[in-house]
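# Examining the three-dimensional arrangement
Single-letter residue listing:
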Amino acid sequence: MDDRIIGNNRIAWFEIVVMVCFCAVFLCACGNYQPSGADRMQVGVAYYDQSDTFLSQMIECLKGQFEALETEELEVTVMIREAAGSQRVQDDQVKELIDAGCNVLCVNLVDRADPSEIIDLAREYNVPIIFFNREPVAEDMLQWERLYYVGADAEQSGIMQGELAAGAIQAGRQIDRNKDGKIQYVVLEGEPGHQDAIIRTESAVNTLKQKGVSLEKLSCGIANWNRAQAQNRMMQMISQHQNRIELVLANNDDMALGAIDAYKKLNVTESAIPAFFGIDGTDVGLKAVADGLMSATVYNDKEGQSAEIAKLAAALITGTGMEKIKFENQRYIYLPYKKVTGSNVKEYHKEEET
């Protein structure tokens, strides 16, 4: 046989083998599609303490929002870390999340005044951060252009709490039990020096005064947003002031409930129990309003905030949708609080079916 024919046949067989291999590789690649960075969201969520009732509920909302984003075109993975109140632990957890391949971070700071290590890590690996619920100081937000914040205005929550309390007092709900024309009150505050705690307290008290309510402050206790600590602080206040306390302003629902627990534990008669006002609208807080144990609370829109965080994270990763997000000062997203009383609590609190 002619050598040229043999050579041509060999070339033809070689070309066929190459084509078969190419098709096999192509088909395998199609069957095992691996999303690119632009269509794979690996979200790292770091939050300060699972004992915070509001935060725990918000984390559940956030998980649901991210799960809802997943489609055939967008793969979503969420990794969650809780720092148990330690900023050092949280710094290490953020490094771990970045090392695990997270391409966007959602961070609820332990210490809102100490985010620099987290920011430096994120900037080094070019991973954007969405801070939530605990707002960093303005100077820290300027450290890098890929830092954002989603939350609510602490002053608004304090104003609303003050308006709710003033409304109850002026409606003649027997809060001024000793009929001296003044309301003797105590405050249960979150962390010492925490901006939200300070602002909530100041704006609530100032609003009451602006509404014409005469006040006499009896005491203020730090309870670190915690129900058990609030119960202990309240028991100390009751021991010191007996039945003089007519109003309890708490920076969050858990502390308001802790104050209620203290009165229950001491078996104080109903006629000597003050009016309690909270903030956040947690499930247990809303139930207390529905049951008439707490006069009112201020609803912190965890569902709306979670939706905005997820939408922003998706826009940062996919590069689409940023133009639809309404920012304040190009970095901030604030959702409004809402007043909750016995008259509208059913709009927010859904009784579990039994």
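Bear in mind the structure is a predicted one, so any value in this text is a computation, not a measurement. The written sequence of each chain sets the order in which its residues are numbered from 1. The predicted nature of this model means local features are confined to residues of pLDDT at least 70 and side-chain atom pairs, given and counted, to a pLDDT of 80 or more, with totals for whole chains, interfaces and linings taken over all residues. Where side-chain values are given, they derive from all heavy atoms of the structure, hydrogens and water being excluded.

### Description of the overall build of the chain
A count of helical and extended segments in the chain gives 11 helices and 12 strands. Remark: exposure states derive from per-residue accessible area (1.4 Å probe, protein chains only) relative to the maximum for the residue type, with buried under 20%, exposed over 50%, and partly exposed in between. Taking all 354 residues of the chain together, 49% fall into the buried category. We call two residues in contact whenever any of their non-hydrogen atoms come within 4.5 Å of each other. Once local pairs closer than 6 in sequence are excluded, the contacts in the chain between residues at least 24 apart make up 73%. Here the open area of atoms and residues is found with the Shrake-Rupley method and a 1.4 Å probe, where only the protein chains shown may cover a residue. With an accessible surface of roughly 17,500 Å², the chain has 50% of that area assigned to carbon and sulfur atoms. Each helix is a run of DSSP H or I of at least 4 residues and each strand a run of E of at least 2, with the numbering of both proceeding from the N terminus.

### Observations regarding the nonpolar core
The definition of a nonpolar core used throughout is a set of buried Ala, Val, Leu, Ile, Met, Phe, Trp, Tyr and Cys residues joined through side-chain atoms within 4.5 Å. Counting residues in hydrophobic clusters, the biggest one holds 60 residues, and the most contacted among them are F66, F132 and M234. Broken down by element, the residue count for this core peaks at eight residues, all from helix α11 (residues 302-318). Dropping the residues within four chain positions of it, F66 is found in contact with M41, V43, V76, V78, C106, I309, A310 and A313. Judged by nonpolar contacts, the second largest core, of 24 residues, contains A165, V205, L208 and L215.

### Here we look at helix α3 (residues 87-99)
Its 13 residues place the ends of α3 18 Å apart at the C-alpha level, agreeing with the 18 Å of an ideal helix rising 1.5 Å per residue. What α3 keeps buried is the set Q87, Q90, D91, Q93, V94, L97 and I98. Buried residues in α3, looked at end-on, bunch into an arc of 165 degrees, giving them a common side. The inward-facing, buried residues of α3 abut β1 (40-47), β2 (75-82), β3 (104-107) and α4 (116-125). G101 sits one or two residues past α3 and shows a positive phi near 100 degrees. The span one expects for a helix is its residue count, reduced by one, times 1.5 Å. The arc under discussion is defined with respect to the helix axis, by the directions toward the C-beta atoms.

### Some remarks on the layout of surface pockets
The gaps of empty space that remain are located by a probe, the size of a water molecule, rolled over the atoms. The volume enclosed by the largest pocket comes to roughly 450 Å³. Every residue lining the largest pocket is counted, 22 residues in all, and those nearest its centre are I273, P274, A275, G292 and L293. Only protein atoms enter the 1 Å grid used here. Points where a 1.4 Å probe fits but cannot escape make up a cavity, open sets with protein on both sides within 12 Å along at least five of seven lines make up a pocket, and a residue lines them when an atom lies within 4 Å of a point. Grid points are joined across faces, edges and corners, and a volume is the space filled by probe spheres set on the points.

### Topic: the sheet that holds strand β11 (residues 332-334)
A pair of strands counts as paired when DSSP detects no fewer than two bridges linking them. One open sheet holds the six strands; their spatial order is β2-β1-β3-β4-β5-β11, and the pairing between them is parallel. Lying at the two open borders of the sheet, with one neighbouring strand each, are β2 and β11. Here the strands of the sheet are splayed against their neighbours by 15 degrees on average, with no regard to which way each runs. Relative to β11, strand β5 (residues 147-151) runs parallel, the two being bridged by three bridges. Pairing of G151 across the sheet is with Y334, part of β11. Every axis corresponds to a line fitted to the C-alpha atoms, with the helix fit spanning only the stretch in contact, and the corresponding angles, defined between N-to-C directions, vary from 0 to 180 degrees. Taken strand by strand, α3 contacts β1, β2 and β3, and its axis lies near 170 degrees from that of β1. Those strands touched by α11 are β1, β3, β4 (129-132), β5 and β11, and its axis lies near 160 degrees from that of β5.

### Some thoughts on the packing of helix α9 (residues 253-265) against helix α10 (residues 283-290)
Two quantities define a packed helix pair, namely the angle between the helix axes and the distance between the axes. Remark: α9 packs on α10, axes separated minimally by 9 Å, with the N-to-C direction vectors making an angle of 50 degrees. On the basis of their axis angle, the class for α9 and α10 is oblique. As for how α9 packs across α10, the hand of that crossing is left-handed. Contacts between α9 and α10 involve D253, D254 and L257 from the first element and V284, G285 and A288 from the second. Classification convention: Asp, Glu, Lys, Arg as charged; Ala, Val, Leu, Ile, Met, Phe, Trp, Tyr, Cys, Pro as nonpolar; all other residues, Gly among them, as polar. Residues belonging to the contact of α9 with α10 are distributed by class as follows: three nonpolar, one polar and two charged. Working definition: roughly parallel below 35 degrees, roughly antiparallel above 145 degrees, roughly perpendicular at 65 to 115 degrees, and oblique for all remaining angles. Rotating anticlockwise by less than a right angle from the far helix to the near helix defines a left-handed crossing, while the corresponding clockwise rotation defines a right-handed one.

### Focus: empty space enclosed by the protein
The full count for this structure, using the stated rule, is two cavities of 30 Å³ or more. Counted as a void, the largest cavity has a volume near 220 Å³. Together, 20 residues line the largest cavity, and N133, D196, R200, W225 and D280 are the ones closest to its centre. Elements supplying a minimum of two residues to the lining of the largest cavity: α2 (53-69), β5 and α7 (195-210). Its volume calculated, the second largest cavity comes out at about 40 Å³. Residue assignment for the lining of the second largest cavity shows that the elements contributing at least two residues are α2 and α9.

### Some thoughts on helix α8 (residues 227-241)
Between its first and last C-alpha atoms α8 spans 21 Å; for 15 residues at 1.5 Å apiece the expected length is 21 Å, and the two agree. Taken together, the buried positions of α8 are occupied by A230, Q231, M234, M237, I238 and H241. For α8, the angular spread of the buried residues around the axis is 130 degrees, confining them to a single face. Facing away from the buried side of α8 by over 90 degrees, the exposed positions are S239 and Q240. Elements that come into contact with the buried residues of α8 comprise β6 (183-189), β7 (215-222), β8 (247-250) and α9.

### Description of the packing of aromatic side chains
Aromatic contacts are taken between Phe, Tyr and Trp rings whose centres are within 6.5 Å, Trp giving its six-membered ring; a plane angle under 30 degrees counts as stacked, one over 60 as edge-to-face, and the others as tilted. Going through the model one piece at a time under the given rule, you end up with six aromatic pairs. When the centroid spacing of 5.7 Å and the interplanar angle of 35 degrees are considered together, the rings of Y148 and F327 count as tilted. Of this pair, Y148 sits in strand β5 while F327 sits in the loop between α11 and β11, and the two are 179 residues apart along the sequence. For F327, a relative accessible area of 24% corresponds to the partly exposed category. Ring centres 4.9 Å apart and planes at 40 degrees place the aromatic pair Y299 and Y348 in the tilted group. Remark: Y348 occurs in the segment after β12 (338-341) and Y299 occurs in strand β10 (residues 296-299); sequence separation between them is 49 residues. Classification of Y299 as buried rests on a relative accessible area of 6%.

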